[in-house]
Structure formats: C-alpha cells, structure tokens
Amino acid sequence: MKHIARKYITQRLWGYYAEEEVVTAARLQKLEGKIVLPGEPLATIEEFLPEEGVYVDNGVIRAAIYGKVRIDSRNKRIRVEPIKATLKIPRRGEIYYGFVSGIIREDLALIKLVFDSQMERLSGTFTGVLHLSQASDRRIESVYQVIRLGDFVRVQVVNEHPLLLSIKQPQLGVVAAFCSNCGAILYRKPGIDHLVCKRCGNRELRKVSTYYMFVDRG
Ligand SMILES: [Zn+2]
C-alpha cells in the first residue's frame, strides 16, 4: 500500500469540506424565492430555524403549503410564503404588461396580458382589445403606426366587459419592440420619433412608452 502523508490527508479533507460548503451555500442560495409544493424537502434543522409554512420531519424541514421560500440568512430562518391562488381579474384603471397577439383590422389589435404592474405573472389568460381611438393622442389611420405583432406593451384597462385597453398615456405603449426586417432589438434614440435597428439600420414607428426598455444614448 502506498504511504500517504498525513499532510496530504488533511489537505484533501479540508478541500472536501470547502467543496461541501460551497455546494451547500449554492443550494441554499437557490432556495430563496423557489416555488415549492407541500411536503417538498427544503433544508435541515441544522441549517435553519423553521418558521411559518413549514414543518419538520426527521430533522428535515419541509414545505407545509404551496408557496414561495423565504430565507432570512442573517437569522438562519426559513419560511414558505403562501401564493395567492385567487385569480386576478383585470379591473378598470389597472396597468398590465402583455404582447400584441393579433391585429384584426386596421383599427383593432389584440393584446394578451401576461404580467401585472409589478411584473408578477398572471395565473389566468386575458386577451384585451386595443382600438385605434385608444392607441395614440395623435391622429392616426392604422394601428400599424403605433404597434406591431409581438411588441411588448404596457397597457391600462379602460373597460372590463369587454376587456378594452388603452396605450394613450405617455407611460403606456410599447416597452420592447423588434425589427420587422431582421428581428433584432429596436432602440429608442432621444429626440428621434422612430425606433432604430442597430443591425440593419431599419427605422420603425411605434407609440413608445416612457418605460421603453432599450435606449441608445450614444
Ligand atoms: Zn433590423
């Protein structure tokens, strides 16, 4: 048998511990915000102090409810925050984010709502109608002058049944748009009406929101 120096064993052992620590830290870091099901193992009682929404079974902390894991790493506490299962229904005046999913006529577009104003995913599917009269505060002939299929938009609910939307206000409108020519991101340049594609040089018109994501200040 090959003789192994004690120093080597110590080195290997410390290496193992360090690795284990990194693995554990990474695992615990991934837990924060994770959506879990009842009974799902989260951590051990050596790692955390169990709080609301969890239970302990044989030293293992498990989720007691369907929800989001919340970790207080300073105080070594873990809990599961319940996710409201109630369906959020768009109400008049509320702000949502969604995609232009269809343009039915020159004066009518469909918008599929995906997120609420806090960018929380909606649990239900809602498709609203954007009429030309709610698309711009300028006189326009076609919705193609303000939006295109696939645009990501910030909208306000103006009517619930049927679900009618508006992008008239400055904070409303297109938040992200892509080049009709090549598919690249379109950039807003301060002082220019058109959005600009940096890849192919294409220029396109939109009713841009003050929340527009891609701004080229160069
Ligand atoms: Zn392009």
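Below or above, wherever it landed, is the structure these notes cover. (Residues numbered from 1 in each chain as written. Predicted model: local features only at pLDDT ≥ 70, side-chain atom pairs only at ≥ 80, totals over all residues. Heavy atoms only, no water.)

### Describing the nonpolar core
Quick reminder of the rule: Take the buried residues of types Ala, Val, Leu, Ile, Met, Phe, Trp, Tyr and Cys, join any two whose side-chain atoms come within 4.5 Å, and each joined set is a nonpolar core. Throughout, exposure labels follow a simple rule: accessible area from a 1.4 Å probe, protein chains only, divided by the maximum for the residue type, with under 20% read as buried, over 50% as exposed, and the rest as partly exposed. Here a helix means four or more residues in a row that DSSP labels H or I, a strand means two or more in a row labelled E, and each is numbered from the N terminus. What makes two residues a contact is simply this: any of their non-hydrogen atoms within 4.5 Å.
I111, L113, I147, V155 and Y212 are the most contacted members of the largest nonpolar core, which totals 39 residues. Those elements that place two or more of their residues in this core are strand 8 (95-105), strand 9 (108-116), strand 10 (121-131), strand 11 (152-159), strand 13 (173-176) and strand 15 (195-197). In contact with V155, other than residues within four places in its own chain, are E94, I95, Y96, I111, L113, L165, S166, I167 and L172. Core analysis: the second largest hydrophobic core is formed by 12 residues, L28, V36, I61 and A63 among them.

### A closer look at the environment of I104
Relative to the helices and strands, I104 resides in strand 8. In this structure, the C-alpha to C-alpha distance between I104 and F214, residues 110 residues apart in sequence, is 28 Å.

### Focus: the environment of E40
For E40, the position within the fold is in the loop between strand 1 (35-36) and strand 2 (41-44). According to the relative accessible area criterion, E40 is partly exposed, its value standing at 21%. Separated by 28 residues in sequence, E40 and R12 have C-alpha atoms that sit 33 Å apart. Beyond its immediate chain neighbours, meaning those up to four positions away, E40 contacts K34, I61, R62 and A63.

### Structural notes on the coordination of the zinc ion
Where we set the bar: Note: metal donors comprise N, O and S atoms at 2.8 Å or less from the metal (3.2 Å for Na, K and Ca); water molecules are not included, so apparent gaps in a site are possible. For four-coordinate sites, all angles between 85 and 135 degrees define a tetrahedron; for four- and six-coordinate sites, opposite donors beyond 155 degrees with the remaining angles between 65 and 115 define square planar and octahedral shapes respectively, and all other cases count as irregular.
Ligation of the zinc ion by protein atoms is provided by C179 (SG), C182 (SG), C197 (SG) and C200 (SG), these donors lying 2.3 Å from the ion. Coordination at the zinc ion comes from four donor atoms whose angles at the metal span 101 to 119°, giving a geometry best classed as tetrahedral. All donors of the zinc ion belong to a single chain; written as a sequence motif, their spacing is C-x2-C-x14-C-x2-C. Taken together, the residues C182 in the loop between strand 13 and strand 14 (186-188) and C200 in the loop between strand 15 and strand 16 (203-204) connect sequence positions 18 residues apart. Given the relative accessible area of 36%, C200 is considered partly exposed.

### A few points about the packing of aromatic side chains
Rules: Two aromatic rings from Phe, Tyr or Trp, using only the six-membered ring of Trp, form a pair when their centres are within 6.5 Å; if the ring planes differ by under 30 degrees the pair is stacked, by over 60 it is edge-to-face, and anything between is tilted. Note on geometry: a ring has a charge over it if NZ (lysine) or CZ (arginine) is within 6 Å of the ring centre and within 35 degrees of the ring normal.
Evaluated as defined, the whole model comprises five aromatic pairs. Ring geometry for F115 versus F152: centroids 6.1 Å apart, planes at 90°, classification edge-to-face. With F115 in strand 9 and F152 in strand 11, the pair connects residues that are 37 residues apart, well separated along the chain. One exposure class covers both F115 and F152, and it is buried. Site record: aromatic cluster; members linked through ring pairs are Y97, F99, F115 and F152. Sitting above the plane of the Y211 ring, R154 keeps its charged end 3.8 Å from the centroid. When the ring centre of Y187 is taken as origin, the NZ or CZ atom of K198, which lies over that ring, is 4.1 Å away.

### Section: the sheet that holds strand 4 (residues 54-57)
As a reminder, the rule being used: The pairing criterion is simple: DSSP has to find at least two bridges between the two strands. To get an axis, fit a line to the C-alpha atoms, keeping to the stretch in contact for a helix; angles then go from 0 to 180 degrees between the N-to-C directions.
Read from one edge to the other, the open sheet built from three strands follows the order 2-5-4, with strand pairing classed as antiparallel. Two strands lie at the open edges of the sheet, namely strand 2 and strand 4, each paired on one side alone. Pairwise comparison of adjacent strand axes, ignoring direction, gives a mean angle of 35° for this sheet. Where strand 4 meets strand 5 (residues 60-63), four bridges bridge the pair, whose relative direction is antiparallel.

### Some words on the pattern of salt bridges
Close approach of charged atoms lets side chains of opposite charge pair. For the record, the criterion: We count a salt bridge whenever a side-chain nitrogen from Lys or Arg sits within 4 Å of a carboxyl oxygen from Asp or Glu.
For the coordinates displayed, the defined rule picks out 14 salt bridges. A salt bridge links K189 to D216; the shortest N-O distance between them is 3.6 Å. Of the two residues, K189 is situated in the loop between strand 14 and strand 15 and D216 in the segment after strand 16; the sequence distance between them amounts to 27 residues. D216 sits in the buried class, given a relative accessible area of 14%. Within this structure, E32, R70, R79 and E81 form a network of salt bridges that share partners.

### Observations concerning a nonpolar patch on the surface
Definition in use: Exposure above 30% relative accessible area and no salt bridge define the residues that can form patches, which grow by joining like charges within 9 Å and nonpolar side chains of Val, Leu, Ile, Met, Phe, Trp and Tyr within 5 Å. In short, Shrake-Rupley with a 1.4 Å probe defines the accessible areas, and a residue's cover is counted only from the protein chains shown.
Together, L13, W14, Y16 and Y17 make up a nonpolar patch on the protein surface, roughly 460 Å² of accessible area in all. Its location among the elements puts Y16 in helix 1 (residues 6-31).

### Describing unusual backbone geometry
In this structure, the amide linkage connecting H161 to the following residue, P162, adopts the cis form with an omega of 0°. Of note, N58 is a non-glycine position whose phi angle comes to about 55°, a positive value. Here N58 is to be found in the loop between strand 4 and strand 5. A relative accessible area of 77% means that N58 is categorised as exposed. Positive phi, close to 65°, is recorded for M119, a residue that is not glycine.

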